[in-house]
Amino acid sequence: MSSTVGPGVLAAKRSRRLKEGAIASVLFACAAASTLVTVGVVAALLGETIGFFREVSLVEFLTSTRWEPMFRDRHFGVLPLLSGSFLIAAGAGVIALPLGLLTAIFLSEYAGPRLRRTLKPVLEVLAGVPTVIYGYFALTFITPLLRVFLPETEIFNAAAASIVVGVMIIPTVSSLSEDALRAVPDSLREGAYGLGATKLEVSTRVVVPAALSGIIASFILGLSRAVGETMAVTIAAGNLPNLTLNPLESMQTMTAYIVQASLGDTPQGTIVYRTLFAVGMTLFLATLAMNILSQWVLAKFREEYR
Amino acid sequence: MATVYGIDLGGRGPALQARGLSVYYGEKHAVQNVDLEIPANQVVALIGPSGCGKSTLLRCFNRMNDLVKTARVDGTVDFHGQNLYASGIDPVEVRRRIGMVFQKPNPFPKSIYDNVAFGPRMNGLDGDLDATVEESLRRAALWDEVSDRLDDSAYALSGGQQQRLCIARTLAVKPEIVLMDEPASALDPIATQRIEELIYELKRDYTIVIVTHNMQQAARISDYTAFLYMGQLIEYGPTETIFTNPREKRTEDYVTGRFG
């Protein structure tokens, strides 16, 4: 007896299936769009970057210690820009990683709920300050302060940039680390207290190791932000490509160079125009390498809890 | 001569003695004016229906209730003539003498060795760490199963093995008293049996207070049983008496399964 399942019933189902299919396609298109944009960005970088390397050898790009693309006697060594970016990021890390982690431990393990509710939003305001403000803060407050103690400090210097970038990424580090610390189950804390651990021992010997993967992720993310930071370092560290370890001197970062070259009259198709893409690609690869490194570190040092 | 409710404790001194013990969670009076004497080197079971305050009472014995912000404890618990709740008593020191094993196995996300070594390392161990780890694992009847893989993660162990690891971890601190909060309730029957056998072994060297909702378990492993109901200690005595000839009607109803 199949008379109850007529052709009309089947047709209605087919239309519903079409509708479901259409919705799935729209959702897929949305998801694909962001991926395609990423691919497009890389492709756009790649075209001009290849053009750049037709004129400049990769060996010169990676080994020359001078970055002078706009002078008559041109030099295309990216090392000064790379070292500028990484030195300032490292300096920022020296400030932000310990401060961010200690802040996270305080918020997660020590602060009462009321104090946490007050402190967290205040801390997150730091992340909301426009970076150009940080840049002028560095130039007009931190640099003069540094010059009081270290008179040889240049007007534009890496140290002031490191300090403000460090302050800028503290919320990133502390907020993500705190999430990781608070995700550690209370049963582990109780277990440690039951063995006669003090609060400090519970925090440092059980909670922090158990949350280490999340903490390292927050470090890498903070450092990636520091490497990619543009406005504050352009204002505070200046525009002098300078291969040095002295933080009191002016340095140019990759991002600052891109700002400088984009602001000038750089005709399309010239070698200076192509340096923008070569440096952009280097910056992209550097942050990609950091992300891959963080994944590897996570897999290696993970203390997983259940 | 130490007695509980007129019951002879066989000449053993009390390891713990609670007097007028009350616990409040905010407005809730979770444990009400309990007097209880825990004889040394015996197993004392705390039984009663869910929410009767038996776990809360257990947590008074090593000041774990201090970790609950809303909890307030009144009364005294004497341990070697000292009140655990007197001012100037450090709860950290209390917990090193009176260890605790929890309901759900909670090994640290570290190696088997590091779990057991955690307490001794923290206390600045005097002596051989390897020997302490081995001895603790042997006492917890786990050594034979893990001796060749001490560097494996504790999470590689089964639930029953994890719980014995947690017992080894507690014993490594060398406590006098071990508190157990339903230590077998998350385990299968075979793992439960191993824990029960272990408890029987342990009472030679330790005093054990165990919370259980399993009356057969209380009857099998304990020497004394305390029945709690709605925050009050209803009856306390030798386990055999509690299960075969209780004085109180409510105890009889509970142990015969008429409620709870």
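Please read all numbers here as calculations on a predicted model, not as lab measurements. (Residues numbered from 1 in each chain as written. Chains lettered and ligands numbered in written order. Predicted model: local features only at pLDDT ≥ 70, side-chain atom pairs only at ≥ 80, totals over all residues. Heavy atoms only, no water.)

### Description of the overall build of chain A
Each helix and strand in chain A was counted, giving 12 helices and two strands. The C-alpha radius of gyration computed for chain A amounts to 26 Å, which surpasses the reference 19 Å derived for 306 residues by more than 25%, pointing to a less compact arrangement than a globule. In terms of overall dimensions, chain A has a C-alpha envelope of 95 × 65 × 35 Å along the principal axes. For chain A, buried positions account for 44% of its 306 residues. (Helix = DSSP H or I, 4+ residues; strand = E, 2+ residues; numbered from the N terminus. Rg over C-alpha atoms; globule rule 2.2 N^0.38 Å. Buried < 20%, exposed > 50% of the residue type's maximum accessible area, 1.4 Å probe, protein only.)

### Some thoughts on the pairing of strand β8 (residues 98–101) of chain B
Residues and elements named next belong to chain B. Of the two faces of β8, the one lined by I98 and M100 and the one lined by G99 and V101 are each fully buried. Direction of pairing for β8 relative to strand β9 (residues 177–181): parallel, over a ladder of four bridges. Looking at β9, one finds that M100 is bridged to L179. (Pairing = 2+ DSSP bridges.)

### Details of the packing of aromatic side chains
All names here are of chain A. Within this structure, the stated rule accounts for 13 aromatic pairs over all chains. Taking the centre distance of 5.1 Å and the plane angle of 80° together, the rings of F52 and F53 count as edge-to-face. Classification of F52 by relative accessible area gives buried; the value is 0%. A centroid spacing of 5.0 Å and a plane angle of 90° characterise the contact between W67 and Y257, whose relative ring orientation is edge-to-face. Separated by 190 residues along the polypeptide, W67 in strand β1 (residues 67–68) and Y257 in helix α11 (residues 254–263) bring together distant segments of the chain. What makes W67 buried here is its relative accessible area of 4%. A relative accessible area of 1% means that Y257 is categorised as buried. (Phe/Tyr/Trp six-rings, centres within 6.5 Å; stacked < 30°, edge-to-face > 60°.)

### Focus: the packing of helix α3 (residues 112–122) of chain B against helix α6 (residues 159–171) of chain B
Residues and elements named next belong to chain B. One way to put it is that α3 packs onto α6 with a least axis distance of 7 Å and a crossing angle of 35°. For the pair α3 and α6, the contacting residues are I112, N115 and V116 in the first and L165, A168 and R169 in the second. When its residues are assigned to classes, the contact of α3 with α6 shows four nonpolar, one polar and one charged. (Axes fitted to C-alpha atoms, helices over the stretch in contact; angles between N-to-C directions. Contact = heavy atoms within 4.5 Å. Nonpolar A, V, L, I, M, F, W, Y, C, P; charged D, E, K, R; others polar.)

### Here's the deal with the pattern of salt bridges
Residues and elements named next belong to chain A. Counting across every chain of the model gives 27 salt bridges over all chains. A salt bridge links E178 to R182; the nearest nitrogen and oxygen atoms lie 3.6 Å apart. Placement of the pair is E178 and R182 together in helix α6 (residues 158–182), with a separation of four residues, close to one helical turn. The class for R182 is partly exposed, based on a relative accessible area of 44%. Two residues, D186 and R189, come together in a salt bridge whose shortest N-O distance is 2.8 Å. One end of the pair is D186 and the other is R189, both in helix α7 (residues 186–194) and three residues apart, which spans about a single turn. What makes D186 exposed here is its relative accessible area of 54%. Through salt bridges with shared partners, one network takes in R116, K120, E178 and R182. (Salt bridge = Lys/Arg side-chain N within 4 Å of Asp/Glu carboxyl O.)

### Examining unusual backbone geometry
All names here are of chain B. Residues other than glycine seldom take positive phi values, yet R63 does so here, at roughly 60°. Positionally, R63 belongs in the loop between α1 (54–60) and β6 (71–79). The phi torsion at K174 lies on the positive side, around 60°, for a residue other than glycine. As for its position among the elements, K174 is in the loop between α6 and β9.

### Notes on the domain arrangement of chain A
Residues and elements named next belong to chain A. With domains assigned, chain A is organised as domain 1 (7–55) and domain 2 (68–301). Each of domain 1 and domain 2 has a C-alpha centre, and these two points are 34 Å apart. Residue-level contacts link nine residues of domain 1 with 10 residues of domain 2. For the pair domain 1 and domain 2, the two sides together bury roughly 960 Å², of which 78% comes from carbon and sulfur. Counting the surface domain 1 buries against domain 2, the share from its top three residues, L45, E48 and F52, is 58%. Between R274 and E48 there is a salt bridge, with the nearest N and O atoms lying 3.2 Å from each other. Summed over the shared surface of domain 1 and domain 2, the number is three residue pairs in polar contact (both at pLDDT 80 or more). (Domains from an automatic or database assignment. Buried area = accessible area lost by both parts, 1.4 Å probe. Polar contact = N/O pair within 3.5 Å; in protein donor to acceptor, adjacent residues only side chain to side chain.)

### Overview of the interface of chain A and chain B
The interface of chain A with chain B comprises 20 residues on the first partner and 22 residues on the second. When chain A packs against chain B, the two sides together hide about 1,900 Å² of surface, and 60% of this comes from carbon and sulfur. Linking chain A to chain B there are two salt bridges. Inspection of the chain A/chain B interface yields four residue pairs in polar contact (both at pLDDT 80 or more). For the side of chain A that touches chain B, the secondary-structure elements that each account for two or more residues are α7 and α8 (199–210) of chain A. Looking at which element gives the most residues to the side of chain A that touches chain B, the answer is α7 of chain A, with seven residues. Looking at the side of chain A that touches chain B residue by residue, the class counts come to nine nonpolar, five polar and six charged.

### Structural notes on the nonpolar core
Core analysis: the biggest nonpolar cluster contains 61 residues, and L16, L36, L46, L57 and F61 of chain B have the highest contact counts within it. Discounting residues that sit within four places of it in the chain, L46 of chain B has contacts with L36, K54, L57, L58, V209, I210, V211, T212, A226 and L228 of chain B. If you look at the next biggest cluster of nonpolar residues, it comprises 50 residues, including L146, Y257, V297 and L298 of chain A. (Core = buried A, V, L, I, M, F, W, Y, C linked by side-chain atoms within 4.5 Å.)

### Digging into the sheet that holds strand β4 (residues 28–39) of chain B
All names here are of chain B. Spatially, the four strands line up as an open sheet ordered β4-β3-β6-β7, and their pairing is antiparallel. In the strand order of this sheet, the two ends are held by β4 and β7 (82–83), each with one partner. In terms of strand pairing, strand β3 (residues 14–25) meets β6 through seven bridges, oriented antiparallel. Bridge pairing in β6 places S22 opposite D74.

### Describing the state of the cysteines
In the structure shown here, the tally under the stated rule is zero disulfides over all chains. The thiol sulfur of C52 of chain B is not disulfide-bonded, and the nearest other cysteine sulfur, from C60 of chain B, lies at 13 Å. (Disulfide = S-S within 2.5 Å.)

### Section: the environment of G20 of chain B
Residues and elements named next belong to chain B. Along the chain, G20 falls in strand β3. The spatial distance from the C-alpha of G20 to the C-alpha of Q32 is 7.9 Å, given a sequence separation of 12 residues. Sequence-distant contacts of G20, that is, excluding residues within four places in its chain, are made with N33, V34, D35, D74 and G75.

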